[in-house]
Amino acid sequence: MKPNIQQKISIKNRRASFDYSFIETYTAGLVLLGTEIKAIRQGKAALVDSFCYFRKGELYVKNLNISEYTEGNLYNHEPQRERKLLLSKQELSKLEKKMKDQGLTIIPITLFTSDSGYAKLEIALAKGKKLFDKREDIKAKDIDRDLKRKFK
């Protein structure tokens, strides 16, 4: 029996594309508690300052803030707890090998609900941008914005 889903939820980490250049992206499932998925469906989650790390061969996300469910009372969850990510063994081993390269990290990009109602996290293997890279991005966005204004 499929759950009734009225709307798709998509929460983005807009700061991530400014601070990092993405090398590869993956879609991972999340191990959640009942009140966490209800809070996500209300749109009460934030990806700011969250990151992923390996522990004993498994991938976890830290600092993913899912606010407490308003009607969860006694059985509510801890908002900033570490959550396990679900990926295939091949993807996990590939990511772990690439993490050993210097300067690479895994960051969450988007938290969304799938068609079947499950919460998914889009993660990216990323490399941090230098200050001049950020300036070039800002410059390119300004030029594009000016061109769009001129040709309207």
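Residues numbered from 1 in each chain as written. Predicted model: local features only at pLDDT ≥ 70, side-chain atom pairs only at ≥ 80, totals over all residues. Heavy atoms only, no water.

J.: Help me understand the packing of aromatic side chains in this model?
T.: Here a ring pair, both rings aromatic, is described through the centre-centre distance and the interplanar angle of the planes. Counted by the stated rule, this structure contains two aromatic pairs. Considering the side-chain rings of Phe 51 and Tyr 53, the 6.3 Å spacing of their centres and the 45° angle between planes classify their relative orientation as tilted. For Phe 51, a relative accessible area of 31% gives the class partly exposed. You can call Tyr 53 buried: its relative accessible area is 18%. Relative to Tyr 60, the ring of Tyr 53 has its centre 6.1 Å away and its plane inclined at 25°; by these criteria the two rings are stacked. Residue classification places Tyr 60 among the buried positions, given a relative accessible area of 13%. Site record: aromatic cluster; members linked through ring pairs are Phe 51, Tyr 53 and Tyr 60. Between Arg 55 and the ring centre of Tyr 60, over which it is positioned, the NZ or CZ distance is 4.3 Å. (Phe/Tyr/Trp six-rings, centres within 6.5 Å; stacked < 30°, edge-to-face > 60°. Buried < 20%, exposed > 50% of the residue type's maximum accessible area, 1.4 Å probe, protein only. Lys NZ or Arg CZ within 6 Å of the ring centre and 35° of its normal.)

Bear in mind that shape data such as this cannot, by itself, settle questions of function.
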